[in-house]
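Breakdown of the fold
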Amino acid sequence: MQATSSLVRAAQPQRSVATVLYSKQFKQLARRQQQQRRNLSIGPGHYKQRLVILGSGWGGYGLLRGIDKRRWDVTVISPNTYFNFTPLLASTAVGTLEFRTAIEPVRRYAPDIRYYQAWCDEVDFKNKVLTCMPATRPTNSSATHSGEYTRCDLQKPFSISYDKLVIAVGAYSQTFNVPGVKEHAHFLKDVKDARRIRSRILECFEQASQPFLSDLERRNLLHFCIVGGGPTGVEFAAELHDLLHTDIARHYDKSIVRLAKITMYDVAPNILGMFDANLRKYTEKTLSREGIKILTSHHVDKVEPGKLHVREQGEVPFGMLVWSTGLAPNPLVQSLTDTKKDPKTSSIITNDHLNLIMSNGEPNPDVWTIGDAARIDTAPLPATAQVASQKAKYLVRKLNKLANDEEHKAPFEFHNQGSLAYIGNWKAIYDRSGGNEKDDRFMSKETGRVAWLLWRSAYFTMTLSWRNKILVPTYWFLNWIFGRDITRF
Ligand SMILES: Cc1cc2nc3c(=O)[nH]c(=O)nc-3n(C[C@H](O)[C@H](O)[C@H](O)COP(=O)(O)OP(=O)(O)OC[C@H]3O[C@@H](n4cnc5c(N)ncnc54)[C@H](O)[C@@H]3O)c2cc1C
């Protein structure tokens, strides 16, 4: 402290170079002292254990928010520098909300944590080492003074050791190996996907507005196809319907707007399979009444540029295709050979304390798996943000207790808060009849405006930062008053 005060005193006169240096030293010293205080608060004989979190989604970011960073030496590894608030992605894809309202930066928690923008490619459970690969651009070309370019290799694998590991890498989009899907369809998993979709929708309308096109060519360009009738497909169709019937209808030629069409395909006999049968019927009726064509029991066999091959229909031209047919295992999860996996989904099996189970049937006491990458052996739960974030909260309690040398004996228990889906034109559905809720007093179902209010208030409440708590309703209000931004750049 003595040294600090003398540095402060010395730094009082004018701001010369020396002053700046002193103030830098002062800041460094203060930071070191703060660090020492943190370490001391851990108690004698303790050191901060290295906790590595893989992924910055609902599971990883949820854990990062709550974990006691004074007691854990936290490292996050994720190819995304941000968290995606997935329930709002469909809204951002049509401009009801701006992209930045659906993300949160991981570095908000730095310097209390370390973050590497990287993929984890390998886990060595025996030696507790991870092999990672940077997810940043592989080279850096910058001009030197003489005008020459220097190149440095920025894509070298690196290793990280851990004491405790949480795997929360989520899942990929399922394509069922249908040829051409990866090349010609859009997915909706990330804010970058939402951005591409928004740009493509507007591009379709600008292309269709060119004076030399025939009506057939315009019709093909303005055919928006969605494959997959789960909540993501339905919500996107609903948001797109809203865009077409409000801002697009207002600003584009009527003869062009009337050619626009939305078709939703699903192999199953119904859309929204996980919702109650009456809610499913209500949704199908509402969407059809709004002009969205729902083709269930239809099989897409192949996708070509601007063309679907549907078994029951033949060739179907489209301007934009959004593919949302469920989840495929993450490549990291696929690469793990010494862990127990679900034979159907290939997710990692955990016990009810969320510890990963090794292939010998023993739980790994130092590794937990949460979110879409995991499934509890005794109680399979849906792959939702709700489950991922409840598991993250459970691990926060467990790990924070562990850091205090306390035991957390309670197993994970899921509390079903119900499922919501937006179905367009200020209507939604709410279903709280599923899940593993034991007490049917809490079961309820809602449709229409009431459910829509629930939908908006739920996602407003769940929004994580104060910044987005202000921005989300602000954009809802602004776009309601002035309309969505339909510029493309
Ligand atoms: C458009 C959309 C809307 C949705 N709406 C809802 C909803 O309304 N309600 C609901 O409950 N659920 C909803 N979901 C589902 C929900 O988003 C997922 O269940 C949830 O994201 C799962 O969380 P997670 O942490 O397991 O995975 P994710 O959120 O997918 O996060 C995975 C993270 O791991 C990172 N990662 C991937 N591979 C690696 C690697 N090798 N190394 C390190 N990091 C890696 C990714 O970059 C990402 O940061 C929606 C999903 C989508 C796509």
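Here goes a summary of the coordinates provided. Source: prediction; values computed, not measured. (Residues numbered from 1 in each chain as written. Predicted model: local features only at pLDDT ≥ 70, side-chain atom pairs only at ≥ 80, totals over all residues. Heavy atoms only, no water.)

Below, the discussion takes up helix α6 (residues 191-208). Residue pairs spaced three or four apart in an α-helix point in one direction, given the helix's 3.6 residues per turn. Helix length check: α6 (18 residues) gives 26 Å between terminal C-alpha atoms against 26 Å at 1.5 Å per residue, within 8%. Residues of α6 that are buried include every one of V191, D193, A194, I197, R198, R200, I201, L202, C204, F205 and A208, and no others. (Helix = DSSP H or I, 4+ residues; strand = E, 2+ residues; numbered from the N terminus. Expected span 1.5 Å × (residues − 1). Buried < 20%, exposed > 50% of the residue type's maximum accessible area, 1.4 Å probe, protein only.)

With that settled, consider the nonpolar core. One finds L64, V74, I201, F205, F224 and F236 to be the most contacted residues of the largest nonpolar core, which totals 94 residues. Tallying contributions element by element places helix α12 (residues 385-403) first for this core, with 9 residues. Counting residues domain by domain, this core receives three or more from each of domain 1 (37-174 + 326-414) and domain 2 (175-325 + 417-482). Excluding residues within four positions of it along the chain, F205 makes contact with L222, F224, L244, I248, Y252, I256 and A260. Among the nonpolar cores identified, the runner-up in size contains 21 residues, and F125, L130, I167 and L332 belong to it. (Core = buried A, V, L, I, M, F, W, Y, C linked by side-chain atoms within 4.5 Å. Domains from an automatic or database assignment. Contact = heavy atoms within 4.5 Å.)

With that out of the way, let us pick up the side chain of K398. Residue placement: K398 occurs in helix α12. Despite being buried, K398 has no salt bridge partner; E407 is the closest side chain of opposite charge, sitting 7.8 Å away. Not counting chain neighbours up to four residues away, the residues in contact with K398 comprise H353, W368 and H408. (Lys, Arg positive; Asp, Glu negative; His and termini not counted. Salt bridge = Lys/Arg side-chain N within 4 Å of Asp/Glu carboxyl O.)

Surveying the vicinity of the ligand reveals 29 residues, the closest of which are G59, T86, D372, A385 and Y459. In this structure, an oxygen atom belonging to the ligand sits 3.4 Å away from a side-chain N or O atom of N80. C120 places a polar main-chain atom, nitrogen or oxygen, 2.9 Å from a nitrogen atom of the ligand. Among the elements of the structure, α3 (58-66), β2 (72-78), β5 (114-124) and α12 are those that each provide at least two residues to the shell around the ligand. Classifying every residue of the shell around the ligand by side-chain character gives 14 nonpolar, 13 polar and 2 charged. Built from parts of two domains, the shell around the ligand gets at least three residues from each of domain 1 (37-174 + 326-414) and domain 2 (175-325 + 417-482). (Near = heavy atom within 4 Å. Polar contact = N/O pair within 3.5 Å; in protein donor to acceptor, adjacent residues only side chain to side chain. Nonpolar A, V, L, I, M, F, W, Y, C, P; charged D, E, K, R; others polar.)

Once that is clear, we can look at unusual backbone geometry. Residues A110 and P111 are joined by a peptide bond in cis, for which omega reads 10°. When you line up the elements, P111 lands in the loop between β4 (103-105) and β5. You will see that K128, though not glycine, has its phi angle at about 55°, which is positive. Secondary-structure assignment places K128 in the loop between β5 and β6 (129-134). The phi dihedral of N425 falls on the positive side, at around 50°, and the residue is not glycine. Structurally, the position occupied by N425 is in the loop between β24 (419-424) and β25 (427-431).

With that out of the way, let us pick up the sheet that holds strand β16 (residues 307-310). The sheet built from 3 strands is open, its strands ordered β15-β16-β17 with antiparallel pairing. Edge strands, defined here as strands with exactly one partner in the open sheet, are β15 (300-304) and β17 (314-317). Taken over all neighbouring pairs, the strand axes of this sheet differ in orientation by 25° on average, direction set aside. Sheet topology note: the β16/β17 ladder contains 4 bridges and is antiparallel. Among the inter-strand pairings, K307 is bridged to a residue of β17, identified as P317. (Pairing = 2+ DSSP bridges. Axes fitted to C-alpha atoms, helices over the stretch in contact; angles between N-to-C directions.)

Shape descriptors only; they carry no functional weight alone.
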